[in-house]
Amino acid sequence: MLAVGSPMWDTCVLLQQCSSFLDEQKLKEGDAKPLNFSEFQTLKKASLCYPGYVRHTSGCGGCASNCAKVASRLGVLVSFCGCLGNNDIALRFQTDLMKHGIVDLTNTS
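Residues numbered from 1 in each chain as written. Predicted model: local features only at pLDDT ≥ 70, side-chain atom pairs only at ≥ 80, totals over all residues. Heavy atoms only, no water.

**Re the overall build of the chain**
For clarity, the threshold we go by: Secondary structure is summarised from DSSP: a helix means a run of H or I of at least four residues, a strand means a run of E of at least two, and numbering begins at the N terminus for each. Remark: exposure states derive from per-residue accessible area (1.4 Å probe, protein chains only) relative to the maximum for the residue type, with buried under 20%, exposed over 50%, and partly exposed in between. Note on contacts: a residue pair qualifies if any of its non-hydrogen atoms lie within 4.5 Å across the two residues. Surface accessibility follows the Shrake-Rupley procedure with a 1.4 Å probe radius. Residue values consider only the protein chains on display as shielding.
In terms of helices and strands, the chain carries four helices and seven strands. If you line up the chain on its principal axes, its C-alpha atoms span 40 × 30 × 20 Å. For the chain, with 109 residues in total, the buried portion stands at 30%. Intrachain contacts of the chain at a sequence separation of at least 6 include 73% that bridge at least 24 residues. Of the roughly 7,200 Å² of accessible surface on the chain, 57% is carried by carbon and sulfur atoms.

What follows is the structure, given as C-alpha cells:
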C-alpha cells in the first residue's frame, strides 16, 4: 500500500477538567485548529503544566499517515510518500514512520 499525503504532527493530551483549560486557551471543544510551531509549543507547555494533566502522546499524523499506521498494524506492507521540511520535526516524523514499520519515501526540502 502506498499512502500519499501531507505530513502532520499529531499531539493528544489527556486532561481532567478539560473545559476550563480550553476556556483559558480560548479554544472550543472539538476544535482542530492548525497551529504554527510557536503556537504549538506554547499550547503544549501550557497543557503539560496544567493541574489536570494526565498524559500525552505525539507522533506522525495527518490522514494518509494515520491510515498507513493502521494498515501497518494490520500486517499490510506500507510506504508513505509526502514532502517534509529539513528540520527536527521532519526527522522525528521519519523516525516515527519507521517505528510503525512504514517504509519512508518522504522528500525533504
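From this point, the discussion proceeds with the structure in view.
**A few points about the sheet that holds strand β6 (residues 103–104)**
Heads up, the rule is: Pairing between strands is defined by DSSP: at least two bridges between them are needed.
The three strands are arranged β1-β4-β6 in an open sheet whose pairing can be described as parallel. Since the sheet does not close on itself, it has two edges, and those belong to β1 (2–4) and β6, each with one partner. Bridge count for strand β4 (residues 79–81) against β6 is two bridges, and the pairing is parallel. From the neighbouring strand, S79 faces β6, where its bridge partner is V103.

**Re the side chain of Q94**
Within the fold, Q94 resides in helix α4 (residues 88–99). Setting aside chain neighbours within four positions, we find Q94 in contact with L84, D104, T106 and T108.

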